[in-house]
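Survey of secondary and tertiary structure
One letter stands for each residue in the lines below.
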Amino acid sequence: MRDTFLPFGLPLVGNEEKQEILDVLESGWLTTGPRTKLFEHKFAEYIGAKHAVAVNSCTAALHLSLLSCGVTVGDEVITSPFTFAATGNTIVHCGARPVFADIDPVTCNIDPEKIEKHITSRTKALIVVHYAGQPCDMDRIQEITKRHGLKLIEDAAHAVGTEYHGVKVGTFGDTACFSFYPTKTMTTGEGGMITTNDDSIADMCRVLALHGISKDAWQRYSDKGNWYYEIMYPGFKYNMSDLQAALGIHQLDRLDEFITIRERYARRFDVGLAEIPWIDLPLVGTNIRHSWHLYPIRIKSGFGITRDELITKLREKNIGASVHFIPLHLHPYYAKTYGYKRGDYPFAEAVFESILSLPLYPKMDPSDIDYVIDSIKEFVTS
Ligand SMILES: *Cc1c(COP(=O)(O)O)cnc(C)c1O
């Protein structure tokens with residue numbers, strides 16, 4: 001029995017990040033500035049996108065993506081019900097209606113088969129979520145959005161470094177949105193990024209991210225700038241600070257190393273848990289690179305063990321587990337406002353009842369992984 005708590009997620013921050021933050025403090029320029037520009041440049045290059053726009057969360061990235069794709073009052077946006085609050089809430093913030101299409105129960109990603117029956121004359125866009133770090137079926141999804149003239153947004157909060165058929169996710173849609181929240185695969189404390197190959201979408205996101213004004217503060221107050229600006233839209237305060245970018249620059253340098261460790265730990269779980277009859281392990285598709293933001297297992301029915309019992313047992317063993325996700329349509333706001341009810345998305349509901357995410361991050365030791373495996377094995381024999 002370990003005497004310290006093993007949290008569900010922890011960031012791994014090195015000396016380079018710490019030194020860079022001290023350098024930012026010394027420089028006197030704390031808000032959006034040269035380090036944010038450098039982080040955007042490096043991120044665009046890593047993804048293979050023409051533009052990257054840094055913002056203060058993935059939620060902000062989703063909101064700006066929807067607005068710059070022209071989503072407005074009265075539109076409908078189709079997405080997965082098996083996602084975090086931000087994916088649905090930002091659709092609502094645009095005055096649009098969130099419409100869900102059920103998931104493929106194997107990958108937990110939106111099922112392309114289920115999308116088309118939800119398309120109406122009001123449908124403006126589709127947001128796909130690369131669940132746990134496994135890419136959606138982008139060939140079939142792009143075929144659908146092209147044929148129906150829909151905008152396509154990737155919620156890639158779990159998927160920095162994820163690849164689909166050898167190409168990094170982040171340029172399959174009109175925009176992609178990444179999260180640098182501390183439990184995600186790389187962190188800036190809080191932060192997000194929009195990538196796009198579209199010049200006008202990139203410009204729109206930049207303007208909307210800083211009050212809708214025509215020039216950013218860096219250009220206005222540095223020796224290169226002047227005092228004049230114009231408000232083009234009633235924009236938002238979504239910019240990333242150089243303190244956050246200082247973290248991001250070095251986290252990005254180590255991202256592939258982080259993902260390699262995550263892959264190794266995922267395999268260690270695969271092997272260690274393989275013999276347990278009441279658990280289904282996560283399945284990985286072919287010709288993809290999974291970035292393993294999450295390692296979700298499922299409790300099979302018929303063995304008299306529930307997901308909630310296992311989470312409680314793990315907690316008693318000083319292990320933090322979590323559940324991703326409670327389907328959006330079951331939450332009170334979505335049920336009350338849009339009339340969604342239990343039974344509407346049977347696959348998302350069935351997976352939710354049985355799924356839990358085990359701790360998996362580079363700051364863990366292999367012995368931590370083994371401790372989690374042993375604790376689960378113990379549960380079966382107790
Ligand atoms: C974490 C997450 C977000 C939101 O990210 P923030 O950076 O915290 O705003 C959006 N979508 C999904 C699927 C997430 O897991």
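Here, residues in each chain are numbered from 1, in the same order as that chain's written sequence. Reporting in this predicted model follows two pLDDT cut-offs: at least 70 for local features of residues, and 80 or more for side-chain atom pairs to be given and counted; totals over whole chains, interfaces and linings ignore these cut-offs and use all residues. Side-chain metrics rest on all non-hydrogen atoms present in the structure, leaving aside hydrogens and water.

When its secondary structure is counted, the protein chain shows 14 helices and 13 strands. This radius of gyration counts C-alpha atoms alone. The globule rule is 2.2 Å times how many residues there are, raised to the power 0.38. Radius of gyration (C-alpha) of the protein chain: 21 Å, near the 21 Å computed for a compact globule of 382 residues. Overall, the C-alpha framework of the protein chain stretches about 70 × 55 × 40 Å when taken along its three principal axes. Of all 382 residues assigned to the protein chain, the portion counted as buried reaches 55%. Sequence-distant contacts, at least 24 apart, represent 72% of the contacts inside the protein chain between residues at least 6 apart. Exposure was quantified through the Shrake-Rupley algorithm and a 1.4 Å probe, taking into account, for residues, occlusion by the shown protein chains and nothing else. On the protein chain, roughly 16,200 Å² of surface is accessible, and the fraction owed to carbon and sulfur atoms is 54%. In the protein chain, 39 positive and 48 negative side-chain charges are present, and the distance between their average locations comes to 2 Å. In this description a helix means any DSSP run of H or I spanning at least four residues, a strand means any run of E spanning at least two, and both kinds are numbered starting from the N terminus. Partly exposed residues are those whose accessible area sits between 20% and 50% of the maximum for their type, while under 20% is buried and over 50% is exposed, using a 1.4 Å probe and protein chains only. In this analysis, two residues are considered to be in contact whenever any of their non-hydrogen atoms come within 4.5 Å of each other. Under this rule, positive means Lys or Arg and negative means Asp or Glu; His and the chain ends count for nothing. Every charge is mapped to an atom, namely NZ of Lys, CZ of Arg, CG of Asp or CD of Glu.

For the rest of this paragraph, the subject is the sheet that holds strand β13 (residues 355-358). A pair of strands is considered paired only if DSSP assigns at least 2 bridges between the two. Across the sheet, which stays open at both edges, the three strands sit in the order β10-β12-β13 with antiparallel pairing between neighbours. Strands with a single pairing partner mark the edges of an open sheet, and in this sheet they are β10 (279-280) and β13. Bridging between strand β12 (residues 295-299) and β13 involves four bridges; their strand directions are antiparallel. Each residue of the ladder has a partner; that of Pro296, found in β13, is Ser357. For helices, the axis comes from a line fit to the C-alpha atoms of the stretch in contact; other axes are also lines fit to C-alpha atoms, and the angle between any two N-to-C directions lies between 0 and 180 degrees. Its contacts with the sheet place helix α11 (residues 307-316) against β12 and β13, and it is angled at close to 25° to β13.

This next bit is on the site of the ligand. If you check the shell around the ligand, you find 16 residues, and the closest are Thr59, Asp155, His158, Ser179 and Lys184. Definition of a polar contact: a pair of N or O atoms within 3.5 Å, with one able to donate and the other able to accept a hydrogen when the atoms are protein atoms, and with sequence-neighbouring residues admitted only if both atoms are side-chain atoms. The separation between an oxygen atom of the ligand and a polar side-chain atom of Lys184 is 3.2 Å. Every element with two or more residues in the shell around the ligand is listed here: α3 (58-68) and α4 (85-93). By the convention adopted, Pro, Cys, Tyr, Trp, Phe, Met, Ile, Leu, Val and Ala count as nonpolar, Lys, Arg, Asp and Glu as charged, and the other residues, Gly among them, as polar. By residue class, the composition of the shell around the ligand is seven nonpolar, seven polar and two charged. Proximity is defined per residue: any heavy atom of the residue falling within 4 Å of a molecule or strand makes that residue near it.

Across the seven residues that make up strand β4 (residues 123-129), a large majority, six, are buried. With five bridges joining them, β4 and strand β5 (residues 151-155) adopt parallel strand pairing. Paired with Ala125 across the strands is Lys151, a residue of β5. After leaving β4, the chain enters helix α6 (residues 138-148) and then returns to the sheet as β5, a path that is right-handed. Note on handedness: a clockwise path from strand one over the helix to strand two, with the strands aimed away from the viewer, defines a right-handed crossover.

To continue, consider the side chain of Arg289. Position of Arg289 among the secondary structure elements: in strand β11 (residues 288-289). Within the structure, the side chain of Arg289 is placed 3.0 Å from the backbone oxygen of Gly161, a separation counted as a polar contact. Among the polar contacts listed, one links the side chain of Arg289 to the side chain of Asp256, at a separation of 3.0 Å.

On to helix α7 (residues 199-209), then. Listed in full, the buried residues belonging to α7 are Ile201, Ala202, Cys205, Val207, Leu208 and Ala209. On the buried face of α7, the contacting elements are β1 (51-55), α3, β8 (175-179) and β9 (192-196). After α7 finishes, the residue His211 shows a positive phi value of roughly 65°.

Our focus in this paragraph is the packing of helix α2 (residues 34-47) against helix α9 (residues 242-253). Running from N to C, α2 and α9 point in directions that differ by 30°, and their axes come no closer than 8 Å. Considered as vectors, α2 and α9 are oriented roughly parallel to each other. Both α2 and α9 take part in a crossing whose hand is left-handed. Across the interface between the two elements, Pro34, Arg35, Thr36, Leu38, Phe39, Lys42, Phe43 and Tyr46 of α2 pack against Asp242, Ala245, Ala246, Gly248, Ile249, Leu252 and Asp253 of α9. Per-class residue counts for the contact of α2 with α9 are nine nonpolar, two polar and four charged. Here is the rule for angles: anything less than 35 degrees is roughly parallel, anything more than 145 is roughly antiparallel, 65 through 115 is roughly perpendicular, and the remaining ranges are oblique. When the near helix sits turned anticlockwise from the far one by under a right angle, the crossing is termed left-handed; a clockwise turn instead gives a right-handed crossing.

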